[in-house]
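Chains, contacts and geometry: an overview
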Protein chains: 2
Amino acid sequence: MSEVMKKAAAAKAASVQMAMATTEKKNEALLAIADELTANQDEILAANKLDLDNLVRKKDYNKAFYDRLALSPERIAGMTEGVRQIAALPDPVGEVTGMWVRPNGLQIGQVRVPLGVIGIIYEARPNVTVDAAALALKAGNAVLLRGSSEAINSNIALVKCLQQALEKVGLPAGVISLIEDTERAAVQEMMRLNEYLDVLIPRGGANLIKTVTENASIPVIQTGTGVCHTFVDASADLEMAERIVFNAKTNRPGVCNAMETLLVHEKVADAFLPRILEKFFASGVEVRGCEKTCAYDERVKAAVDEDWSTEYLDLILAVKVVKSFAEAVSHINRYGTGHSEAIITTHYQRARDFQAQVDAAAVYVNASTRFTDGFEFGLGAEMGISTQKLHARGPMGLVALTSTKYIINGNGQIRS
Amino acid sequence: MSEVMKKAAAAKAASVQMAMATTEKKNEALLAIADELTANQDEILAANKLDLDNLVRKKDYNKAFYDRLALSPERIAGMTEGVRQIAALPDPVGEVTGMWVRPNGLQIGQVRVPLGVIGIIYEARPNVTVDAAALALKAGNAVLLRGSSEAINSNIALVKCLQQALEKVGLPAGVISLIEDTERAAVQEMMRLNEYLDVLIPRGGANLIKTVTENASIPVIQTGTGVCHTFVDASADLEMAERIVFNAKTNRPGVCNAMETLLVHEKVADAFLPRILEKFFASGVEVRGCEKTCAYDERVKAAVDEDWSTEYLDLILAVKVVKSFAEAVSHINRYGTGHSEAIITTHYQRARDFQAQVDAAAVYVNASTRFTDGFEFGLGAEMGISTQKLHARGPMGLVALTSTKYIINGNGQIRS
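Quantities reported herein were computed from a predicted structural model and do not represent experimental measurements.

**Focus: the overall build of chain A**
When its secondary structure is counted, chain A shows 14 helices and 16 strands. What you see for chain A is a C-alpha radius of gyration of 24 Å, in line with the 22 Å of a compact globule of 416 residues. By principal-axis analysis of the C-alpha atoms, chain A measures approximately 70 × 70 × 35 Å. Per-residue burial for chain A yields a buried fraction of 54% across its 416 residues. In chain A, the proportion of contacts linking residues at least 24 apart, taken out of those at least 6 apart, comes to 71%.

This is the structure in structure tokens:
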């Protein structure tokens, strides 16, 4: 039996026990995890150093990649703080979301239950190991983790702590396992283990998500590439527009809820564009514009068709002047990825129409797209941002990691 | 451009219009559909006769298959009645399922929206054409239908009526389309059109569902194979058990919520088994039992391992005597398909434990598994019974055909 199959089977068995675990027991486990991470900080950092040394040896790495992989005492403290916060959240499992009685006397209720076994496939961010495991555990699930090879030593050290914590509180180690086989075949195998896994959540870039969606036979929750737009309507308060647009692009350009394309109604282009372009150039933002945009400033590069569908994740912005509200909506629905879209307007009906007509997980009026986030939405946690329409859409908190089950109480009913 | 791609693109375009359609308009379309089906009854029956004649010519068909394919004035009346009932149901679209204000003043709401384009892949049941299209339409979706080749003439005639009705009320014909290409390649293409389809629902037997799950890159909702169990606990009211168990097996053996395996606690086997076996044999039920069951009646055939995981969909029943509640639960969780499971008991704690520990869409105490059905549960309609844990679990009504979207109302909020 392969490592993947063995660990998946153990996760399945552990998930049965987890589904019965009380909130008290799960919180005990989370607090034990936080303690183990703190107690084993040196060991974790030493393992992380191995990964970082291996990366540096390869020479073709980039700084951002190194940063994501690197752990530090502060980052470990951040992880443990995150785990403690998850312990403090309400437990979604067991909530009866509805209960009614049928004419024949059957009482039918719907109750939240864990999903079962969640597979997480992710990239070289060791914090995802702890974060995803803690969220899955709180919602009563077992988790099978597959991080990238670059983080393997860090992940092994982290999962060792997590499993020690489980053992201390008397939960099976199978609740959290890591696939240590870093070959691609192991992921392929994992993606088709319908017998043991209930859902797969890929966390990472567009390529990872595409590979998983196309190859998995297990249900997948697609998380977040974001080609997010902000549309400055003809009726916009232009000072508000300037603040919001600048924030949406520059506050943290490397994340999925950052704005990638700015759409400006032609009626306010003269008044708005020169000002905001100046501000962007002053902050080192590269601007790729449509013909009309280019005419405002010679520093604007001419956008090509590909720009409209690119998630830059960088200080680059596409800008297009549109003739109408309808053109803005149709551009967004064509090139957007269904993540976060915003309109800046003072017009009541256009605000409503934008929220009705734009097909995305989060549709904003007069605010920055940067708020699409489980914490900012008040969900208390986040497993990622779903850009699909099935099961969960938008930021996924603990509820997104549960399913439901019908419970039916009878007193002898038979069907005629 | 292939037929599949062309129709999928048209469905996508139509879905944008559908998402804006008022409840009034959608109901108008449904009532027009009912009228068209009635008005074109002769044409539909003539097309159906072509399909039936083609089937009979093949010679290797079976009667149940013929029955499912056959239409009649009564069946058409049943379809139109179903469509009118769907028109009378409340519209799930637009419901705000929650709305709250964050400390920074952002108002965040979650609103029900259509899924978009639903692909339905099904077998030779022409009624599914009308039923699935009507449900999808009511929930504001466009639908791309792919029935089996044996029903192609019936389906073409039915979809013609549906499209005429759409035209009469001013909705685009693309809201309901049928793939007329009956080659297998057309289904393969349909299953990977992520650009246009939001979800696939296969409706049919285990093989169809397996093929779709394994080959689709679009999110799939798995519907219903049911290896359903009833466990007669040591504390059961045996008269109630007899009524329920007999109903669950014989009321309609060909459907997914029928019982396939009976588990009996050894403490009541002497008192219960001879009686119920007699009753089953008197009704022509074939019984395949464990060693202990065989000892009660020589007409019982010895069950082989495969029997425990077989969905007979017929007057055949597997029977096993178990030593304990725990053995019953573990048998069910091992061999069940997560559909419908029942316990017959008078014991309070075992009733609760069964509902907590059995991992299935519907878990019954003291009632027949035959009630797992959208109408019986009070959902007013049914698109199938989901046996997966993502998105929808159990009978799927209109709400299961919707997604949600976050709408965020601000007044200039930016993220710091």
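So much for the structure itself; the text now carries on.
**Considering the relation of the copies chain B and chain A**
Overlaying chain B with chain A gives an RMSD of 0.0 Å, the required rotation being 180 degrees about an axis along which the chain moves by 0.0 Å. These values place the two chain copies in the arrangement generated by a two-fold rotation axis. It is histidine 391 of chain B whose C-alpha, among those of chain B, lies nearest the rotation axis, at 1.8 Å. Comparing interface residues between copies, 100% of those in chain B also lie at the interface in chain A; the contact surface is shared.

**A closer look at the pairing of strand S7 (residues 228–232) of chain B**
Residue and element names in this part refer to chain B. Judged by how many residues are buried, S7 sits mostly within the fold: five of five residues are covered. Covered by surrounding structure in S7 are Cys228, Thr230 and Val232 together with His229 and Phe231, the residues of both alternating faces. Bridging between S7 and strand S8 (residues 259–265) involves five bridges; their strand directions are parallel. Bridge pairing in S8 places phenylalanine 231 opposite leucine 263. Where the polypeptide runs from S7 across helix H10 (residues 238–250) and back to S8, its parallel neighbour, the crossover connection is right-handed. For S7 and strand S12 (residues 340–344), the ladder comprises four bridges, and the chain directions are parallel. Bridge pairing links histidine 229 to glutamate 341 in S12.

**As for the environment of leucine 37 of chain B**
Within the fold, leucine 37 of chain B resides in helix H2 (residues 23–39). Each residue touching leucine 37 of chain B, except ones within four places of it in the same chain, is listed here: Ile76, Met79, Thr80, Val130 and Cys161 of chain B.

**Some thoughts on the sheet that holds strand S3 (residues 117–122) of chain B**
The strands making up a sheet associate through hydrogen bonds between their backbones, and the pairing can be parallel or antiparallel. Residues and elements named next belong to chain B. The four strands are arranged S5-S4-S3-S6 in an open sheet whose pairing can be described as parallel. Unpaired on one side and paired on the other, strand S5 (176–178) and strand S6 (199–203) mark the two borders of the sheet. Neighbour-to-neighbour, the strand axes of this sheet turn through a mean angle of 20 degrees, independent of strand direction. The pairing of strand S4 (residues 142–146) with S5 spans three bridges and is classified as parallel. Bridging from a neighbouring strand, leucine 144 pairs with serine 177 of S5. Contacts from helix H6 (residues 126–138) reach S3, S4, S5 and S6 within the one sheet, and its direction differs from that of S4 by about 160 degrees. Its contacts with the sheet put helix H7 (residues 152–169) on S4 and S5, and the angle it makes with S5 is roughly 160 degrees.

**What to know about the confidence of the model for chain A**
Looking at chain A as a whole, its pLDDT mean stands at 95, while 100% of the residues score no less than 70. Model confidence for the complex: the whole-complex pTM is 0.92, and ipTM, which rates the interface, is 0.93.

**Quick notes on the interface of chain B and chain A**
Tallying the contact residues gives 55 residues for chain B and 55 residues for chain A. For the side of chain B that touches chain A, the secondary structure elements donating two or more residues are helix H1 (3–20), helix H9 (206–215), H10, helix H14 (348–357), strand S13 (362–367) and strand S16 (402–413) of chain B. With 11 residues, S16 of chain B is the single largest residue contributor to the side of chain B that touches chain A. Its residues assigned to classes, the side of chain B that touches chain A shows 25 nonpolar, 21 polar and nine charged. Judged from the five bridges that link them, strand S13 (residues 362–367) of chain A and S16 of chain B form a sheet pairing that is parallel.

**Concerning the pairing of S12 of chain B**
Where burial is concerned, most of S12 of chain B is hidden: five out of the five residues are buried. On the question of chirality, the crossover connecting S12 of chain B to the parallel S13 of chain B by way of H14 of chain B is right-handed.

**Overview of the packing of helix H3 (residues 41–58) of chain A against helix H7 (residues 152–169) of chain A**
Residue and element names in this part refer to chain A. Put simply, H3 and H7 touch, their axes get as near as 7 Å, and they point 165 degrees apart. By the angle between their axes, H3 is roughly antiparallel relative to H7. Here H3 runs over H7; the crossing is right-handed. Residue-level inspection shows Glu43, Ile44, Ala47, Asn48, Leu50 and Asp51 of H3 in contact with H7, the latter providing Ile152, Asn153, Ser154, Ile156, Ala157 and Leu158. For the contact of H3 with H7, the residue count by class is seven nonpolar, three polar and two charged.

**Comments concerning the environment of alanine 328 of chain A**
All names here are of chain A. Within the secondary structure layout, alanine 328 lies in helix H13 (residues 325–335). Separated by 96 residues in sequence, alanine 328 and valine 232 have C-alpha atoms that sit 9.3 Å apart. Once residues within four sequence positions are removed from consideration, alanine 328 is found in contact with Phe231, Leu263 and Val322.

**Regarding the sheet that holds S13 of chain B**
Pairing in this open sheet of 10 strands is mixed, and the strands run S1(A)-S2(A)-S16(A)-S13(B)-S12(B)-S7(B)-S8(B)-S11(B)-S9(B)-S10(B) from one edge to the other. Each having just a single partner strand, strand S1 (96–101) of chain A together with strand S10 (301–302) of chain B make up the two edges of the open sheet. Along the sheet, H10 of chain B contacts strand S16 (402–413) of chain A together with S7, S8, strand S11 (316–322), S12 and S13 of chain B; its crossing angle with S7 of chain B, the most-contacted strand, is approximately 170 degrees. Running over the sheet, helix H11 (residues 266–282) of chain B touches S7, S8, strand S9 (286–289) and S11 of chain B and is turned about 145 degrees from S8 of chain B.

**Details of the domain arrangement of chain A**
Note: interface size is frequently given as the accessible area lost on complex formation between the parts. Residue and element names in this part refer to chain A. Domain assignment breaks chain A into domain 1 (3–223 + 383–409) and domain 2 (228–371). Each partner contributes to the interface: domain 1 provides six residues, whereas domain 2 provides seven residues. Residue composition of the side of domain 1 that touches domain 2, by class: two nonpolar, three polar and one charged.

**Some remarks on helix H14 (residues 348–357) of chain A**
All buried positions along H14 of chain A are accounted for by Arg350, Ala351, Phe354 and Gln355 of chain A. One side of H14 of chain A holds all its buried residues, which, seen down the axis, span an arc of 135 degrees. Exposed and oriented more than 90 degrees from the buried face of H14 of chain A are Tyr348, Gln349 and Arg352 of chain A. Buried residues along H14 of chain A sit against H13, strand S12 (340–344) and S13 of chain A together with S16 of chain B.

**Notes on the environment of isoleucine 244 of chain B**
Relative to the assigned elements, isoleucine 244 of chain B resides in helix H10. Residue classification places isoleucine 244 of chain B among the buried residues on the basis of 28 C-beta atoms within 10 Å. Separated by 16 residues in the primary sequence, isoleucine 244 of chain B and glutamate 260 of chain B have C-alpha atoms spaced 13 Å apart. Dropping the residues within four chain positions of it, isoleucine 244 of chain B is found in contact with Gly412 and Ile414 of chain A together with Thr230, Ile344, Ala367 and Ser368 of chain B.

**Digging into the nonpolar core**
Judged by nonpolar contacts, the single largest core of 264 residues is most densely connected at Ile33 of chain A together with Ile33 of chain B. With residues near it in sequence (within four places) discarded, isoleucine 33 of chain A still touches Val83, Ala134, Cys161, Leu162 and Ala165 of chain A.

**Considering H1 of chain B**
All names here are of chain B. Taking 1.5 Å of rise per residue, the 18 residues of H1 would be expected to cover 26 Å, and the 26 Å separating its terminal C-alpha atoms lies within 8% of that figure. Among all positions of H1, only Val4, Lys7, Ala8, Ala11, Lys12, Ala14, Ser15 and Met18 are buried. On its buried face, H1 sits against strand S2 (107–114), S3, S4, S5 and helix H8 (184–190).

**Points about unusual backbone geometry**
For asparagine 366 of chain A, which is not glycine, the phi dihedral falls at a positive 55 degrees. Assignment of secondary structure puts asparagine 366 of chain A in strand S13. With phi around 75 degrees, histidine 391 of chain B is a residue other than glycine that occupies positive phi space. With respect to the helices and strands, the residue histidine 391 of chain B is situated in the loop between strand S14 (385–386) and strand S15 (394–395). Judged by local crowding, histidine 391 of chain B falls into the buried class, with 22 C-beta atoms found within 10 Å.

Rules behind the numbers
- Position labels on residues start from 1 in each chain and follow its written sequence.
- By the order in which they are written, chains take letters starting at A while ligands take numbers starting at 1.
- Only residues with pLDDT of 70 or above have their local features reported here, since the model is predicted, and side-chain atom pairs are shown and tallied only from 80 upward, although totals for entire chains, interfaces and linings are computed over all residues.
- Helix numbers and strand numbers start at the N terminus; a helix is a DSSP run of H or I with at least 4 residues, a strand a run of E with at least 2.
- Here the globule rule reads 2.2 Å times residues to the power 0.38, and the radius of gyration is calculated from C-alpha atoms.
- In this scheme every C-beta is placed from the backbone, and a residue whose C-beta has 20 or more other C-beta atoms within 10 Å is buried, one with 12 or fewer is exposed, and one in between is partly exposed.
- Contact between two residues is assigned whenever their backbone-derived C-beta positions fall within 7 Å.
- Here the copies are matched by least squares. The fit uses the C-alpha atoms of residues with pLDDT of at least 70 in both.
- Should DSSP find at least two bridges between two strands, the strands are taken to pair.
- Whether a crossover is right-handed comes down to one check: with the strands pointing away from the viewer, does the path from the first strand over the helix to the second run clockwise; if it does, it is right-handed.
- Think of each axis as a best-fit line through the C-alpha atoms, taken over the contacting stretch in the case of a helix, with angles from 0 to 180 degrees between the N-to-C directions.
- Values of pLDDT, the confidence the predictor places in each residue, fall between 0 and 100.
- For this scheme, ten residues count as nonpolar: Ala, Val, Leu, Ile, Met, Phe, Trp, Tyr, Cys and Pro. Four count as charged, namely Asp, Glu, Lys and Arg, and the remainder, Gly too, count as polar.
- Convention used here: angles under 35 degrees read as roughly parallel, angles over 145 as roughly antiparallel, angles from 65 to 115 as roughly perpendicular, and any remaining angle as oblique.
- Left-handed describes a crossing in which the near helix is turned anticlockwise from the far one by less than a right angle; the clockwise case is right-handed.
- Where each domain begins and ends is defined by an automated method or by a domain database.
- In this context, the arc is that of the directions from the helix axis out to the C-beta atoms.
- Any nonpolar core is a set of buried residues, restricted to Ala, Val, Leu, Ile, Met, Phe, Trp, Tyr and Cys, that join up through C-beta atoms within 7 Å.
- In this scheme, a helix's expected span is set at 1.5 Å multiplied by one less than its residue total.

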